[in-house]
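So the chains spell out like this:
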Amino acid sequence: QLQASGGGVVQAGESLKLSCAAYGRTLRGVAVGWFRQAPGKEREFVAASTRTGGGAVYSNSVKGRFTISRDNTKNTVYLQMNSLKAEDTAVYYCAADGTITSSSLSTESAWDYWGQGTLVTVSS
């Protein structure tokens, strides 16, 4: 089970840190990703940490502003979001998969396990 938290309402330019905690399973050797869905739009890829935890992939829209990290001792993955923009407003979902390939990290359908979303609202 994955549980995302940390969403809230912030002003443009501010920062927010999301957490995704795994219960009942370890995140060691598991890829973890973040996706988001804005109102009226399809869910889109944001960032992912590879199965080894040694690599990260970001969408162009968040590259340089968002950072994904993981603490395997706490079974938790984080998404540090800086310089937030109004267009970052969305429900953010975390996902996990133990067999996903690096080439599929940005593909929503490739992920097996999903947490509930956490809402991030950025006011301009």
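Quick caveat: nothing in here was measured; it's all calculated off a predicted structure.

### Quick notes on the overall build of the chain
When helices and strands are tallied, the chain shows 0 helices and 11 strands. Listing the helices and strands of the chain from first to last along the sequence gives β-β-β-β-β-β-β-β-β-β-β. Relative to its length of 124 residues, the chain is compact, with a C-alpha radius of gyration of 13 Å against a globular reference of 14 Å. Taking the principal axes of its C-alpha atoms as reference, the chain extends roughly 40 × 25 × 25 Å. The buried share of the chain, taken over its 124 residues, is 43%. In the chain, of all internal contacts separated by at least 6 residues, the share reaching a separation of at least 24 is 58%. Of the accessible surface of the chain, which amounts to about 6,100 Å², a share of 46% is contributed by carbon and sulfur atoms. When the 12 basic and 9 acidic side-chain charges of the chain are each reduced to a single mean position, those positions are 6 Å apart.

### Some words on the sheet that holds strand E3 (residues 16–22)
Strand order across the open sheet formed by 4 strands is E1-E3-E8-E7, with antiparallel pairing between neighbours. Of all strands in the sheet, those bounded by a partner on one side alone are strand E1 (2–5) and strand E7 (66–71). The sheet shows a mean angle of 15° between the axes of neighbouring strands, direction not considered. Here 6 bridges tie E7 to strand E8 (residues 76–81), and the two strands are oriented antiparallel to one another.

### Digging into the packing of aromatic side chains
Given two aromatic rings, their pairing is described by the distance between the two centres and the angle made by the two planes. All told, the structure shown has 3 aromatic pairs when counted by the stated rule. Ring plane angle 75° and centroid distance 5.5 Å describe the contact between Phe35 and Phe45, whose orientation is recorded as edge-to-face. With Phe35 in strand E4 (residues 31–37) and Phe45 in strand E5 (residues 44–49), this residue pair connects regions lying 10 residues apart in the sequence. Neither residue differs from the other here; Phe35 and Phe45 are each classed as buried. Ring centres of Phe35 and Trp111 lie 6.1 Å apart, and the angle between their planes is 80°; on these two criteria the pair is classed as edge-to-face. On the criterion of sequence distance, the pair formed by Phe35 in strand E4 and Trp111 in the loop between strand E9 (90–97) and strand E10 (113–114) is long-range, its members being 76 residues apart. When sorted by exposure, Phe35 lands in the same class as Trp111, which is buried. What links up through ring pairs into an aromatic cluster is the set Phe35, Phe45, Trp111 and Trp114. Sitting over the ring of Tyr78, Lys17 keeps its end group 4.6 Å from the ring centre. Here the basic side chain of Arg43 rests over the ring of Trp114, its NZ or CZ set 4.1 Å away from the ring centre.

Thresholds, definitions, all that
- Residues numbered from 1 in each chain as written.
- Predicted model: local features only at pLDDT ≥ 70, side-chain atom pairs only at ≥ 80, totals over all residues.
- Heavy atoms only, no water.
- Helix = DSSP H or I, 4+ residues; strand = E, 2+ residues; numbered from the N terminus.
- Rg over C-alpha atoms; globule rule 2.2 N^0.38 Å.
- Buried < 20%, exposed > 50% of the residue type's maximum accessible area, 1.4 Å probe, protein only.
- Contact = heavy atoms within 4.5 Å.
- Areas by Shrake-Rupley, 256 points an atom, 1.4 Å probe, with all protein chains shown as cover.
- Lys, Arg positive; Asp, Glu negative; His and termini not counted.
- Charge placed at Lys NZ, Arg CZ, Asp CG, Glu CD.
- Pairing = 2+ DSSP bridges.
- Axes fitted to C-alpha atoms, helices over the stretch in contact; angles between N-to-C directions.
- Phe/Tyr/Trp six-rings, centres within 6.5 Å; stacked < 30°, edge-to-face > 60°.
- Lys NZ or Arg CZ within 6 Å of the ring centre and 35° of its normal.

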